[in-house]
Amino acid sequence: MITRLRNVRVCDPSQPNVPDSELHFDEGKIIPKPKSSPRLALDLDLSNRIVMAGGIDIHTHIGGGKTNLARLLLPERSPVSATAFLDGVRPLSSPVPGTWETGRRYLEMGYTACFEPAVLPANARQAYLEMADTPWLDTGGYLMLGNEELLLRWIADGVPQTQINDYVGWMLNTHRCMAVKVVNAGGISAFKYNQRELDVDESHKHYGLTPRKILHTLATAVDSLGLAHPLHVHCSNLGRPGNIASTLSTIDAIENCRLHITHAQFHCYGSDGPHGFSSAAQQLADRVNQSDRLTIDVGQVLFGQTVTISGDTMHQFANRGLARPRKVIFNEMECQAGCGVLPFRYQQSQYVHGLQWSIGLELFLLVEDASKIFLTTDHPNGAPFTSYPHLIRLLMDYDFRMSVFSELHPDVKATSLLPSLKREYTLERLPR
Amino acid sequence: MAVCTFCPLLCEYDPHGLSPNATSLDGPSKAGSAPAIQSIEKGVGPLNHATPSFESGKQNLDRGLTSENAQPLADVSQCSLRRQSLIQLESLSRVVSRFNFNDQAQILKSANQWIAESNRIVITGRVTSIETSRAVLDLARRIHAFVDMDDSESAFHQIRAVQRSGMFTATLSEVRFRSDLVILIGNDQLLEQFPRLAARLSNKPAIHLPDKGDSNNASAHSSRSTNSPVSRTILCLGAWSEKSVNHLKALNANVLAFPMDLQVIPADLFRSTSSTDLLTSDPLFAIRNLIEAASYTSLIWSNSLLQWKHADLWVERLFQWIAQQNRLMRCVGMPLSSHYGTFQQVCNWTTGFPGRVRFLEEYETSFEPEEPSRAFAQADLEIHIDEPSLAATHRKTNCRQIFIGFTPQESNPELLHFPSLVAGYHYAAEHFRGDGTIVLRAGPEPQANAMQLSKPSDWLKRLGGDRP
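Computed from a predicted structure; not experimentally measured.

## Remarks on the overall build of chain A
Link 1 in the chain: Secondary structure summary: chain A contains 14 helices and 18 strands in total.
Link 2 in the chain: A principal-axis box enclosing the C-alpha atoms of chain A has dimensions of 75 × 50 × 45 Å.
Link 3 in the chain: Out of the 432 residues belonging to chain A, those deemed buried represent 62%.
Link 4 in the chain: Looking at chain A alone, contacts between residues at least 24 apart form 74% of all its contacts between residues at least 6 apart.
Link 5 in the chain: The centroid of the 40 positive side-chain charges in chain A is displaced by 4 Å from the centroid of its 44 negative side-chain charges.

Next comes the structure, spelled out in structure tokens:
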């Protein structure tokens, strides 16, 4: 039995400007328009609506121990019922909803595949069990390496690169993951040895290793194995003023390998300006524009209550005083990594939060090739994933963007590049 | 290696030999056989033998990982709790075998009739596996029930404390391999609940772990090697008998015990680290010296030993002390949960709440964290699931009861009983370890009798179908 969608506007990046037309489906697959009038199981008029491929969220924390800890920490839930709408948007019951709600809300936005970007090896079984309970979504995970005692010891002992390659391949296969993610290379381990800072060329006080060495070793393994994804890197010095230097050093450390920088907005801060905290989006965007081996996802900040969850215990611990409400969870896991869970409220009138909002958008608008930049809020770190429609409007509508911009702290307005960035994305050319 | 589920430590053992040389693993390679992995089912992600040299490398990697995690311990069959549990399950098998299986269809029909007639349904019991937890939640959603497990109050001591001010925790391997000071808080019951805790913390290298015998890897036994046991002190605070202390001493070199009132231990720890006028003869002075000398302190306790009102304040105070220690040094807690921890985790990821959940409209829930006695008083039907089935501990009920479990419970004139297999004993199932982080797949036990019974989840799926 055939399903027909009439008056359809198809958004297809490979074929822009397709005129409104009909689409026919049979057994879940798109088929050519039948020559004769078919018997229709369903016939829908989709005037003023859009048909596009299911969205893919490449970086969203939807499963695993830290996500469940965030749910535990935040029982304060919105009293809004499942069917209520506020200003056309139905709020989530919590920044980290249960799996049933997560699946439903992603599907409502047209997303069909989501990837948990930090699957801890020891916790992989839980992550996949959780994701299996998230209805309607295809899911997968990236394995978090780069802080396990075994790997650090092997790198410090100078084992051959082939042994590291075997290790990475075995770990991916064993834990059913499709890519490798490094979070603050060596830093989570260093924090367990009571080291509170670790920059790219600083030594881990127990292993004598630098993050540069760890990153290069793992990036080489990932490329040697021929993985589809490059090494995903959460850089050193998360959220610190001036951390653009660490981020650029990380890009250099990877040398000739492919690299994907995750939630780049949190890693491109300068230390200039009246508050010692400024945008370095132009510097990072220039590097992305110049390179054919570098991609980023943004981790856009949007205003409101959320919760930050990260494997980077070193920096989550340093930021614990910023928690709103004032409660935090830290967990150190199985000599492999750890996690920090910290509720956070991004405020439009606050200088740093406004700057973060602005930096994320600057990145979106300064990276020339939309295929090198991915649309994420690093759910729930920058904002819950349900804010994507709002974010897409910010990217597509200069006037709307400026109307939000006008409410920011005056010092953000005085220094931001946003007013000069008049680019407006189209649905066909949105960041991936 | 197989996994024993009779306590939440989920020790590994050799199911064939039960050899005295049996080793136990604490973690990292556990996800290897993860079942129900959506990415496999949907063709997303998993690599097949990622490198050409995968097979040759795997052997080294296996050994490498094992050397990280292998730990010396006695034969798991020496575990008293395990021995008792196996004997009990064997004798209960004879009771269950008298059940008239021809009546099953009729009982099921009656149960669904009861569900259809009821307005206030509560689901209680002891659920230890992820599969049954999922089935319980799905049934609760379909019939709009209130769900709370029997021993949840001890878990809620911690949940309430965490929801007010957070926590700082670590897992078993982290404590075992990193901690140079382990503070055991409680009394002898801690070792009765977790009989092999002392072995799991042991730092005596009964198994020699040469580094791979790889001639190219001469430097592997460097000072960085985590194979080298940490020089550790175990400090017992609370009411510990000499027998327990000696048991700990048999497996660990440095064990000290200071008798203390369990309820005031958090306050005493604050005093020990903040008072400047402690006498050198005061035990708190000695405790402070140990804490100050340690580089990574771990505190271990069991929430189920905190049997007094407002024990959540005790937990909160202890986490505050741990947080304070981390300003300058490293310190973590490892509260051990009961088998209830598995249900709490699954309920939390499914609904956003860690238990004590009332299901309202489709997929909508409300959370009732305080002890829900009202829900039980008003119930007109209780569905009770008893997975471990080793002791009839559940509360008396004054309403109709549907009982799903291996063993018959006390007689209730309005009781429908569905005998079911035991997760981890009769069939393989996933359970959370007591540290709340690691999921292991356990069972079936080699000695378990094959019985013609259904799993609890099979019964649960067949209930509630007739409810309007």
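## Quick word on the overall build of chain B
Link 1 in the chain: When helices and strands are tallied, chain B shows 16 helices and 17 strands.
Link 2 in the chain: When the 468 residues of chain B are sorted by exposure, 60% land in the buried category.
Link 3 in the chain: Considering only residue pairs separated by 6 or more positions, chain B has 71% of its internal contacts joining residues 24 or more positions apart.
Link 4 in the chain: Counting every atom, chain B has about 18600 Å² of accessible surface; 50% of that belongs to carbon and sulfur.

## Points about the packing of helix H11 (residues 265–274) of chain B against helix H12 (residues 283–293) of chain B
Axes are the key here: two packed helices are described by the angle between their axes and the distance separating the axes.
Residue and element names in this part refer to chain B.
Link 1 in the chain: Interaxial distance between H11 and H12 falls to 8 Å at its minimum, and their mutual angle equals 75°. For the element pair H11 / H12, the angle class is roughly perpendicular. Every residue of H12 that contacts H11 at Asp 268, Leu 269, Arg 271, Ser 272 and Thr 273 is listed here: Leu 284, Ile 287, Arg 288 and Ile 291.
Link 2 in the chain: Among the residues making up the contact of H11 with H12, the classes are represented as four nonpolar, two polar and three charged.

## Things to note about the pattern of salt bridges
Link 1 in the chain: Scanning the entire structure with this criterion turns up 39 salt bridges over all chains.
Link 2 in the chain: Among the ionic pairs, Lys 66 of chain A bridges to Glu 116 of chain A, the shortest N-O distance being 3.3 Å. Highlighted residues: Lys 66 of chain A in helix H1 (residues 65–73) and Glu 116 of chain A in strand S7 (residues 111–119), separated in sequence by 50 residues.
Link 3 in the chain: Note on Lys 66 of chain A: relative accessible area 7%, which makes it buried.
Link 4 in the chain: When salt bridges with common partners are traced through the structure, they connect Asp 148, Glu 153, Arg 160, Arg 164, Asp 312, Glu 316, Arg 356 and Glu 370 of chain B into a single cluster.

## As for the packing of aromatic side chains
Link 1 in the chain: In the structure shown here, the tally under the stated rule is 24 aromatic pairs over all chains.
Link 2 in the chain: Taking 4.6 Å as the distance between ring centres and 45° as the angle between the ring planes, the aromatic pair formed by Phe 418 of chain B and Trp 459 of chain B counts as tilted. With Phe 418 of chain B in strand S15 (residues 415–419) and Trp 459 of chain B in helix H16 (residues 456–462), this pair connects stretches of sequence that are 41 residues apart.
Link 3 in the chain: When its relative accessible area of 1% is taken as the criterion, Trp 459 of chain B is described as buried.
Link 4 in the chain: Among the aromatic side chains, those forming a connected cluster through ring pairs are Tyr 106, Tyr 111, Phe 385 and Tyr 388 of chain A.
Link 5 in the chain: Against the face of Phe 191 of chain A rests Arg 330 of chain B, its NZ or CZ located 4.2 Å from the ring centre.
Link 6 in the chain: Of note, Arg 356 of chain B hangs over the ring of Phe 156 of chain B, and the distance from its end group to the ring centre comes to 4.3 Å.

## Notes on the sheet that holds strand S11 (residues 357–359) of chain B
Residues and elements named next belong to chain B.
Link 1 in the chain: Ordered in space as S12-S11-S4-S3-S13-S14-S15, the seven strands form an open sheet in which the pairing is mixed. Edge positions in the sheet fall to strand S12 (365–367) and S15, since each has one partner strand and no second.
Link 2 in the chain: The sheet contact formed by strand S14 (residues 400–405) and S15 spans five bridges and is parallel. Across the sheet, residue Phe 403 finds its bridge partner in S15, namely His 417.
Link 3 in the chain: Contacts from helix H4 (residues 104–117) reach strand S3 (121–126), strand S13 (381–386), S14 and S15, with the element oriented near 130° to S15.

## With respect to unusual backbone geometry
All names here are of chain A.
Link 1 in the chain: Each neighbour pair has its own omega, and for Arg 324 with Pro 325 the value is -5°, a cis peptide bond.
Link 2 in the chain: Mapped onto the fold, Pro 325 is located in the loop between helix H10 (313–318) and strand S16 (328–333).
Link 3 in the chain: Residues other than glycine seldom take positive phi values, yet Asn 194 does so here, at roughly 65°.
Link 4 in the chain: What makes Asn 194 partly exposed here is its relative accessible area of 23%.
Link 5 in the chain: You will see that Cys 335, though not glycine, has its phi angle at about 55°, which is positive.
Link 6 in the chain: Assignment of secondary structure puts Cys 335 in the loop between S16 and strand S17 (337–346).

## Considerations on helix H7 (residues 211–225) of chain A
Helical periodicity: at 3.6 residues per turn, an α-helix aligns residues three or four positions apart in one direction.
Residues and elements named next belong to chain A.
Link 1 in the chain: Counted at 1.5 Å a residue, the expected span for H7 with its 15 residues is 21 Å, and the 21 Å between its end C-alpha atoms agrees.
Link 2 in the chain: For H7, every residue scored as buried is listed here: Pro 211, Ile 214, Leu 215, Thr 217, Leu 218, Ala 219, Thr 220, Ala 221, Val 222 and Leu 225.
Link 3 in the chain: Check the buried side of H7 and you find it contacts strand S8 (138–145), helix H4 (149–157), helix H5 (161–174), strand S9 (179–183), strand S10 (231–234) and helix H8 (244–253).
Link 4 in the chain: Backbone geometry just downstream of H7 places Gly 226 in the positive-phi region, at approximately 70°.

## Points about the packing of H7 of chain A against H8 of chain A
Residue and element names in this part refer to chain A.
Link 1 in the chain: At a closest axis distance of 9 Å, the pairing of H7 and H8 adopts a crossing angle of 45°. What the angle tells us is that H7 and H8 run oblique. You can see that H7 and H8 cross each other, and the crossing is right-handed. Here H7 contributes Arg 212, Leu 215 and His 216 to the contact with H8, which in turn contributes Ser 249, Thr 250, Asp 252 and Ala 253.
Link 2 in the chain: For the contact of H7 with H8, the per-class residue count stands at two nonpolar, three polar and two charged.

## Some thoughts on the confidence of the model for chain B
Residue and element names in this part refer to chain B.
Link 1 in the chain: Summing up the model confidence of chain B, the mean pLDDT is 80 and the portion of residues at 70 or higher is 77%.
Link 2 in the chain: Below pLDDT 50 for its whole length, residues 18–74 participates in 156 contacts with residues either more than four positions away or in separate chains.
Link 3 in the chain: Between residues 205–227, whose pLDDT stays under 50, and residues either more than four places distant or in other chains, the model counts 42 contacts.
Link 4 in the chain: Prediction confidence for the complex, expressed as pTM and ipTM, is 0.90 and 0.94 respectively.

## Quick look at helix H13 (residues 398–405) of chain A
Residues and elements named next belong to chain A.
Link 1 in the chain: Burial analysis of H13 places six of its eight residues in the buried class, the great majority of the element.
Link 2 in the chain: Restricting attention to buried positions, one finds in H13 the residues Tyr 398, Phe 400, Arg 401, Met 402, Val 404 and Phe 405.
Link 3 in the chain: Looking at the buried positions of H13, the neighbouring elements they touch are helix H11 (351–366), helix H12 (388–396) and helix H14 (410–415).
Link 4 in the chain: The opening residue of H13 is Asp 397, an N-cap whose side-chain oxygen sits 3.1 Å from the backbone nitrogen of Asp 399.

## Thoughts on the pairing of strand S15 (residues 304–310) of chain A
All names here are of chain A.
Link 1 in the chain: Buried residues dominate S15, accounting for five of its seven residues.
Link 2 in the chain: Pairing between S15 and S17: seven bridges, direction antiparallel. Across the sheet, the residue bridging to Thr 308 is Leu 342, located in S17.

## Quick word on the sheet that holds S10 of chain A
All names here are of chain A.
Link 1 in the chain: Pairing is parallel in the open sheet, where eight strands are placed in the order S6-S7-S8-S9-S10-S11-S14-S18. Two strands lie at the open edges of the sheet, namely strand S6 (55–57) and strand S18 (373–374), each paired on one side alone.
Link 2 in the chain: Examined bridge by bridge, S10 and strand S11 (residues 259–261) share three bridges and lie parallel to one another. Counterpart to Val 233 in the pairing with S11 is Ile 261.

## Some remarks on the nonpolar core
Link 1 in the chain: Ranked by size, the top nonpolar core spans 230 residues in total, and within it Leu 184 and Ile 383 of chain B carry the most contacts.
Link 2 in the chain: Of the residues forming this core, the biggest block, nine residues, is contributed by H11 of chain A.
Link 3 in the chain: If near-sequence neighbours (up to four positions away) are discounted, Leu 184 of chain B is found in contact with Leu 190, Leu 197, Leu 201, Ile 234, Leu 235, Cys 236, Leu 237, Trp 240, Leu 248 and Ile 300 of chain B.

## Some details on the side chain of Ser 152 of chain B
Link 1 in the chain: The topology assignment puts Ser 152 of chain B in helix H6 (residues 152–165).
Link 2 in the chain: At 2.7 Å, the side chain of Ser 152 of chain B and the side chain of Asp 148 of chain B are in polar contact.

Parameters and conventions
- Residues numbered from 1 in each chain as written.
- Chains lettered and ligands numbered in written order.
- Predicted model: local features only at pLDDT ≥ 70, side-chain atom pairs only at ≥ 80, totals over all residues.
- Heavy atoms only, no water.
- Helix = DSSP H or I, 4+ residues; strand = E, 2+ residues; numbered from the N terminus.
- Buried < 20%, exposed > 50% of the residue type's maximum accessible area, 1.4 Å probe, protein only.
- Contact = heavy atoms within 4.5 Å.
- Lys, Arg positive; Asp, Glu negative; His and termini not counted.
- Charge placed at Lys NZ, Arg CZ, Asp CG, Glu CD.
- Areas by Shrake-Rupley, 256 points an atom, 1.4 Å probe, with all protein chains shown as cover.
- Axes fitted to C-alpha atoms, helices over the stretch in contact; angles between N-to-C directions.
- Parallel < 35°, antiparallel > 145°, perpendicular 65-115°, else oblique.
- Nonpolar A, V, L, I, M, F, W, Y, C, P; charged D, E, K, R; others polar.
- Salt bridge = Lys/Arg side-chain N within 4 Å of Asp/Glu carboxyl O.
- Phe/Tyr/Trp six-rings, centres within 6.5 Å; stacked < 30°, edge-to-face > 60°.
- Lys NZ or Arg CZ within 6 Å of the ring centre and 35° of its normal.
- Pairing = 2+ DSSP bridges.
- Expected span 1.5 Å × (residues − 1).
- Left-handed = near helix turned anticlockwise from the far one by under 90°.
- pLDDT = per-residue confidence, 0-100.
- Polar contact = N/O pair within 3.5 Å; in protein donor to acceptor, adjacent residues only side chain to side chain.
- Core = buried A, V, L, I, M, F, W, Y, C linked by side-chain atoms within 4.5 Å.

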